[in-house]
Amino acid sequence: MQTTLGRQLGKVAPPRSRVQSAAPTVARGNAVRPRQLVVFGSLTRRPEDGGFGGKPLLNSMEDEVANAPAGTPKAYKPPPRDTLRMGLPSKGRMAEDTMQLLKDCALSVYKPNPRQYVAKIPQIPGLEVWFQRASDVVRKLRTGDVDLGIVGTDMFTELTDGDPDLVVCHEALGFGQCHLALGVPMTGKFANVTSLAQLRDMPDWTPDTPLRVVTGYHNIARRFFAKHGFQHVVLLSADGALEAAPAMGSADIILDLVSTGVTLRENNLREIEGGNILESQGILVANRRSLMERPGLLQIVHELIERFDGHLKAESFYSVIANMRGESPEAVADLLLQAPGLQGLQGPTVCNVYNRGPNDSAAAHHFYAATICVRKKQLYGAVKALQKLGGSGVLVQPMTYIFDEEPERWVKLCETLGVDPAQFSNGNGSSK
Ligand SMILES: Nc1ncnc2c1ncn2[C@@H]1O[C@H](COP(=O)(O)OP(=O)(O)OP(=O)(O)O)[C@@H](O)[C@H]1O
Ligand SMILES: O=P(O)(O)OC[C@H]1O[C@H](OP(=O)(O)OP(=O)(O)O)[C@H](O)[C@@H]1O
Ligand SMILES: [Mg+2]
């Protein structure tokens, strides 16, 4: 997608003089859409620029579908297959975190060797795992070459543009948390720019000297700047280390992922008010048609949601057992139910402790063991409260899973798809 010039410049933007502004269209991949407000840099090749040797570049139908704007009728149909497929990121932090999540959910991904891109999950026999770059997971979900996938919200939003053929089955997998934001220099002409409105209203931006934004998220950027009334913007491309571009002079500002904020800060950039565009984390996405037409896929999604939710919910709780003095189990339960933070999820479990006094004599006090779930953040307060109520021998254990009767997300997904959740619950699914 880049010209020779782009490659010579190490994939970062061209100097301002080479930027073509005020072009009437914006291109991404092979999709061209008319737009007035935002222009693009000369590094992006348009289909009408022609291909090699002056001949137009030909694209496969699969490629057209993978990169088409949302809502485009899809002519491509994936080759027939009997297997069910899940795409997972093949490298980088998303890959590691995805594998960790599956491991935490007692799902082992069996990959005979590291360079092989297909794997099995023995606990879910009908499902093949295919490792792909995260962006390709999204593209293959769109074409239907994979049925399920785990990616970041950022990538999903950038590449699908609200495509109704894809369905988000789990929107918060608890890893890869970051946000997409503008990074603006702290010094120079930006020294006093602390908000989006101030950035937009700077007199510097004209058709000849547009605001140069370097980003890997052109679709999101185009929508964002148009929505916020920016008149003269040029989007430039780079594959990494974007934070260097303003200091290098090859861009004015950046639009990139931020997590700790260290990279921005170390490159003398800062976020501005109104410049946080999108919150992102790992999500589970499915091809809608696959969900409806491929036998067994919904059962697998049900199982994945149950396992993910069971694990993610458990992560924020401890199981706490305390020996409580009391007249009866009911009296102990009453005591706990009245104390803030000691009710557990649905109420405490209280049972007998068969204790003896010294030398096998009768015990001076009768104890009951009360078990409750306590939020990790509230643990210390809960222990103190238990002690105040006469609790002793307080045991704290990590939780592995908390399974609800039916996860809310699953019920919502069934509603979205117009299917009855009851037909998939309890024993009808794949292996447990
Ligand atoms: N700093 C970050 N903190 C949390 N999540 C991130 C961060 N950077 C990227 N991600 C998530 O990881 C996904 C993949 O990012 P990216 O393509 O940059 O790969 P990577 O894992 O950083 O590896 P590399 O950049 O070396 O290819 C992003 O789409 C985003 O969801
Ligand atoms: O806010 P922080 O915690 O500093 O993280 C933000 C950085 O992380 C990502 O880069 P990555 O490390 O993936 O390097 P890359 O630019 O080569 O992709 C992202 O593109 C930012 O540069
Ligand atoms: Mg990266």
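Residues numbered from 1 in each chain as written. Chains lettered and ligands numbered in written order. Predicted model: local features only at pLDDT ≥ 70, side-chain atom pairs only at ≥ 80, totals over all residues. Heavy atoms only, no water.

Describing the sheet that holds strand E19 (residues 391-398)
- Pairing is antiparallel in the open sheet, where four strands are placed in the order E17-E18-E16-E19. Looking along the sheet, the strands with just one partner apiece sit at the ends: strand E17 (349-353) and E19. The average undirected angle you get between the axes of adjacent strands in this sheet is 25°.
- Inspection of the sheet shows strand E16 (residues 317-325) paired to strand E18 (residues 367-375) by nine bridges, in the antiparallel sense. Considered in E18, the bridge of Val-320 is made with Ile-372. (Pairing = 2+ DSSP bridges. Helix = DSSP H or I, 4+ residues; strand = E, 2+ residues; numbered from the N terminus. Axes fitted to C-alpha atoms, helices over the stretch in contact; angles between N-to-C directions.)

Digging into the packing of aromatic side chains
- On inspection of all chains with the given rule, the structure shows four aromatic pairs.
- A ring pair is formed by Phe-224 and Phe-225, whose centres lie 5.5 Å apart and whose planes are at 75°; its orientation type is edge-to-face.
- Take Phe-224: its relative accessible area is 8%, and that puts it in the buried class.
- Looking at Phe-225, the relative accessible area reads 0%, which means it is buried. (Phe/Tyr/Trp six-rings, centres within 6.5 Å; stacked < 30°, edge-to-face > 60°. Buried < 20%, exposed > 50% of the residue type's maximum accessible area, 1.4 Å probe, protein only.)

Thoughts on the sheet that holds strand E8 (residues 166-170)
- Reading across from one edge, E5-E6-E4-E7-E15-E8 is the order of the six strands in this open sheet, with mixed pairing throughout. The open sheet has two edge strands, strand E5 (118-120) and E8, and neither has a second partner. Shown here is a sheet whose adjacent strand axes are inclined to one another by a mean of 30°, direction ignored.
- Two elements, E8 and strand E15 (residues 282-287), share four bridges in a ladder whose sense is antiparallel. Looking across to E15, one finds that Leu-166 is bridged to Asn-287.

Let's talk about the packing of helix H4 (residues 134-143) against helix H5 (residues 153-160)
- As a packed pair, H4 and H5 sit with axes 9 Å apart at the nearest point and diverge in direction by 50°. In terms of axis orientation, H4 runs oblique to H5. H4 and H5 meet at a crossing whose hand is right-handed. Across the interface between the two elements, Ala-134, Ser-135, Val-138, Arg-139 and Arg-142 of H4 pack against Met-155, Phe-156, Leu-159 and Thr-160 of H5. (Parallel < 35°, antiparallel > 145°, perpendicular 65-115°, else oblique. Left-handed = near helix turned anticlockwise from the far one by under 90°. Contact = heavy atoms within 4.5 Å.)

Topic: the UniProt feature "domain: ATP phosphoribosyltransferase catalytic" (unreviewed entry) in the protein chain
- Mapped onto the present numbering, the UniProt feature "domain: ATP phosphoribosyltransferase catalytic" (unreviewed entry) falls on residues 133-308.
- For residues 133-308, helix accounts for 34% and strand for 26%, while the C-alpha atoms at its two ends are 22 Å apart. (UniProt positions renumbered as here; feature names shortened; annotations may be inferred.)

Quick word on the site of ligand 1
- If you check the shell around ligand 1, you find 13 residues, and the closest are Gly-92, Arg-93, Met-94, Asp-154 and Leu-257.
- For ligand 1, whose accessible area on its own is 590 Å², the fraction buried by protein is 68%.
- Among the secondary structure elements, those contributing two or more residues to the shell around ligand 1 are helix H3 (92-104) and H5.
- Looking at the shell around ligand 1 element by element, the count peaks at three residues for H3.
- Partitioning the shell around ligand 1 into residue classes produces four nonpolar, five polar and four charged. (Near = heavy atom within 4 Å. Areas by Shrake-Rupley, 256 points an atom, 1.4 Å probe, with all protein chains shown as cover. Nonpolar A, V, L, I, M, F, W, Y, C, P; charged D, E, K, R; others polar.)

So, the site of ligand 2
- With respect to spatial proximity, the complete set of residues near ligand 2 consists of Arg-93, Gly-240, Ala-241, Glu-243, Asp-256, Leu-257, Val-258, Ser-259, Thr-260, Gly-261, Val-262 and Thr-263.
- Here Arg-93 contributes a side-chain N or O atom positioned 2.4 Å from an oxygen atom of ligand 2.
- Between an oxygen atom of ligand 2 and a side-chain N or O atom of Thr-260, the distance comes to 2.5 Å.
- For ligand 2, whose free accessible area comes to 490 Å², the fraction covered by protein is 64%.
- Broken down by element, the residue count for the shell around ligand 2 peaks at three residues, all from strand E12 (residues 253-258).
- Grouping the amino acids of the shell around ligand 2 by side-chain chemistry returns four nonpolar, five polar and three charged. (Polar contact = N/O pair within 3.5 Å; in protein donor to acceptor, adjacent residues only side chain to side chain.)

Some points on the environment of Val-146
- Assignment of secondary structure puts Val-146 in the loop between H4 and strand E7 (148-152).
- Looking at Val-146, the relative accessible area reads 4%, which means it is buried.
- Sequence-wise, Val-146 and Trp-130 are 16 residues apart; in three dimensions their C-alpha atoms are separated by 8.1 Å.
- When neighbours within four sequence positions are excluded, Val-146 is seen to be in contact with Arg-81, Arg-85, Gly-87, Val-137, Lys-140, Leu-141 and Asn-287.

A short note on helix H12 (residues 329-338)
- Buried within H12 are the following residues: Val-332, Ala-333 and Leu-336. Buried residues of H12, viewed axially, fall in a sector of 100°; they line one side. When the buried face of H12 is taken as reference, the exposed residues oriented beyond 90 degrees from it are Glu-330 and Gln-338.
- Where the residues of H12 are buried, they touch E16, E17, E18 and helix H13 (379-388). (Arc of directions from axis to C-beta.)

Structural notes on the pattern of salt bridges
- Inspection of every chain in the model, using the stated rule, returns 14 salt bridges.
- In this structure, the salt-bridge partner of Arg-307 is Glu-303, at a minimum N-O distance of 3.0 Å. Residue Arg-307 and its partner Glu-303 are both found in helix H11 (residues 297-315); the two are separated by four residues, about one turn of the helix. Exposure class is identical for Arg-307 and Glu-303. Each is buried.
- For the salt bridge of Asp-309 with Arg-409, the shortest nitrogen-to-oxygen distance reads 2.8 Å. With Asp-309 in helix H11 and Arg-409 in helix H14 (residues 408-417), the pair connects residues that are 100 residues apart, well separated along the chain. (Salt bridge = Lys/Arg side-chain N within 4 Å of Asp/Glu carboxyl O.)

Describing the environment of Gly-229
- Positionally, Gly-229 belongs in the loop between helix H7 (218-227) and strand E11 (233-236).
- Along the backbone, Gly-229 and Asp-201 are 28 residues apart, and their C-alpha atoms lie at a distance of 9.7 Å.

Observations regarding the pairing of strand E6 (residues 127-132)
- The pairing of strand E4 (residues 84-89) with E6 spans six bridges and is parallel. Within the sheet, the bridge partner assigned to Leu-84 lies in E6 and is Leu-127.
- Pairing analysis gives three bridges linking E5 to E6, with the strands arranged antiparallel. The residue of E6 that forms the bridge with Val-118 is Trp-130.
- In textbook terms, the turn of a hairpin is the stretch between consecutive antiparallel strands, and for E5 and E6 this stretch comprises six residues.

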